[in-house]
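# Remarks on the overall topology
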Amino acid sequence: PYKAFFIAGGSSGGKMLLARIDNTGSEVWDTVITAGFNVDLTDISYTGNGTLLAVGTASADLSDQGTTGLIFIRFDTTGHVIERKEITETEFISAEKVFVDGQGNIFLALTRQAEGAKAIASVAKYNSDIQELWETELYNNPNFASAARGLALDGTGNVYVTGRTEASRESGTLDNSFLASLDPSGSVRWNRYFENANTGADLVFNDNLLLMLNRNCFVINMADPDDGADAGVVRIFDACDSYDTDAIGSGLDLYYGGNILVGGKKGDSFYLAVKPVAP
C-alpha cells in the first residue's frame, strides 16, 4: 500500500501488468509492458520520493520455458515509466522477490537453471544503475534442486533469503524449506533447514526475530537473525498436512497489536488470517 491507494504488479498474457487501485478497490490506472520473454510474475519495491521499481520474470515453477530474463521498470504512482532495462539470459532465470535498500541497491532472490541441470537458488545485488555487483549461489550440489522465493534485509546490510531445496530420502527426494543469511559482501553467514515437504515463501522482521512463512499450510517459523536458531513455530491451522494440502501461503506481514497477517489461497478461494506472534 502507498498512502491512500495500492500499487499492484502481476502478469497479463505473458506481459508485465502494473496497476493503481484505490482503497475502495476501484482501478485508477493500469499499464501492460511487453518484454522479450514471458513475464509470469512481477514484484514491486518502493524506492522513495513517489517512485517504485518493478521486476518481472518467469516463474520458478515454469522452468521449461524458452527465452527468459529480467525486466526492470522504474515508475511513479501516476503510471509514468521513468526507466526501463531488460536483461535477457541464455539460461533460465526467475526473480521471485525484489528489495531496494535506502541507498538504492537492488537485491533479488533468484532461481537459475541450465539446460539438463537442476535449478539453483541464488541471491544477487545490483546498484541503483541496475549493474550487478555480486551474485551468490546458495546450493550447488548437481543432484538436488533449489529455488529462492523470499528476501529481507536488516539494518546492517545483512541479507536473508528463503525458498526450497531438495533433500535425499529412501524414495528419492523431498523438498525442505530453508532460511539463509548473507553478509553485505554476499558471503554466506549461515544456512538452516526447517519444514519438510515445504517451501519458504516470505520473510518479515518482528523486533529481534525473523519470521518465515512456508507455502504449505501457512506454517510460520521464527528464527534468530544472528545464527538462524529455531525460535518457535506459529501454526494457522490446528491440523494441516504439508504433504497434501490446498492451503497455500504467499504473503506475510505484521499487523496492528503485535499480530501477523498472512495471505494466500485455500482451495479455490483467497485466504487471509490474523494471529498473534506466539510460538
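In short, a report on the structure. In this text the structure is predicted, and so the values were computed from the model without any measurement.

Time to look at the pattern of salt bridges. Tallied over the full model, the rule gives nine salt bridges. Here Asp43 and Lys97 are joined by a salt bridge, their closest N and O atoms 3.9 Å apart. Linking Asp43 in strand S4 (residues 41-48) with Lys97 in strand S8 (residues 92-100), this pair joins segments that are 54 residues apart in sequence. Classification of Lys97 by relative accessible area gives partly exposed; the value is 21%. With a closest N to O distance of 3.0 Å, Arg74 and Glu83 form a salt bridge. Take Arg74: its relative accessible area is 15%, and that puts it in the buried class. One connected set of salt bridges, linked through shared partners, spans Asp61, Glu96, Arg149 and Arg215.

For the rest of this paragraph, the subject is the pairing of strand S2 (residues 15-22). Both strand S1 (residues 5-12) and S2 contribute to a ladder of eight bridges, which runs antiparallel. In the sheet register, Ala8 faces S2, and the bridge partner there is Ala19. With six bridges joining them, S2 and strand S3 (residues 27-33) adopt antiparallel strand pairing. Across the sheet, Arg20 pairs through a bridge with Trp29, a residue of S3. Once S2 ends, the chain turns through four residues before running back antiparallel as S3, passing Gly25 with a positive phi of about 90°.

Summed over all chains, the structure comprises ten aromatic pairs. Ring centres 6.4 Å apart and planes at 65° place the aromatic pair Phe107 and Trp134 in the edge-to-face group. In this pair, Phe107 is assigned in strand S9 (residues 106-113) and Trp134 in strand S11 (residues 132-137), connecting sequence segments 27 residues apart. Its relative accessible area of 2% is what places Phe107 among the buried residues.

Attention now moves to the pairing of S8. The buried fraction of S8 amounts to seven of the nine residues, a majority that puts the element mostly inside the structure. Pairing analysis gives eight bridges linking S8 to S9, with the strands arranged antiparallel. Bridged to Ala95 within S9 is Leu110. Between the end of S8 and the start of S9, which pair antiparallel, lie five residues, with Gly104 showing a positive phi angle near 85°.

This brings us to a nonpolar patch on the surface. Together, Tyr255, Tyr256 and Val274 line one region of the surface with nonpolar side chains, adding up to about 370 Å² of accessible area. Relative to the assigned elements, Val274 resides in strand S22 (residues 269-276). Taking the relative accessible area as the measure of exposure, Val274 reaches 45% and is therefore partly exposed.

A few words on a negative patch on the surface. A grouping of Asp241, Asp244, Asp246 and Asp268 is seen on the molecular surface, where their side chains present a negatively charged patch. Looking at the element boundaries, Asp268 is found in the loop between strand S21 (259-266) and S22.

In a disulfide, the sulfur atoms of two cysteines are held together by a covalent bond. Tallying each qualifying case throughout the model produces one disulfide. One disulfide in the model links Cys217 with Cys240; its S-S distance is 2.1 Å. Because the sign of the S-S torsion sets the handedness, a value of about -80° for the bond joining Cys217 and Cys240 places this disulfide among the left-handed ones. In this pair, Cys217 sits in the loop between strand S17 (209-214) and strand S18 (220-223) while Cys240 sits in the loop between strand S19 (230-234) and strand S20 (247-255), placing the two residues 23 residues apart along the sequence. Under the relative-accessibility criterion, Cys240 is labelled partly exposed at 33%.

Attention now goes to the side chain of Arg112. Position of Arg112 among the secondary structure elements: in strand S9. Of note is the side chain of Arg112, whose polar atom sits 3.2 Å from the side chain of Glu89.

Rules behind the numbers
Residues numbered from 1 in each chain as written. Predicted model: local features only at pLDDT ≥ 70, side-chain atom pairs only at ≥ 80, totals over all residues. Heavy atoms only, no water. Salt bridge = Lys/Arg side-chain N within 4 Å of Asp/Glu carboxyl O. Helix = DSSP H or I, 4+ residues; strand = E, 2+ residues; numbered from the N terminus. Buried < 20%, exposed > 50% of the residue type's maximum accessible area, 1.4 Å probe, protein only. Pairing = 2+ DSSP bridges. Phe/Tyr/Trp six-rings, centres within 6.5 Å; stacked < 30°, edge-to-face > 60°. Patch = residues over 30% accessible without salt bridge, like charges linked within 9 Å, V, L, I, M, F, W, Y side chains within 5 Å. Areas by Shrake-Rupley, 256 points an atom, 1.4 Å probe, with all protein chains shown as cover. Lys, Arg positive; Asp, Glu negative; His and termini not counted. Charge placed at Lys NZ, Arg CZ, Asp CG, Glu CD. Disulfide = S-S within 2.5 Å. Polar contact = N/O pair within 3.5 Å; in protein donor to acceptor, adjacent residues only side chain to side chain.

In short, geometric facts, not functional conclusions.
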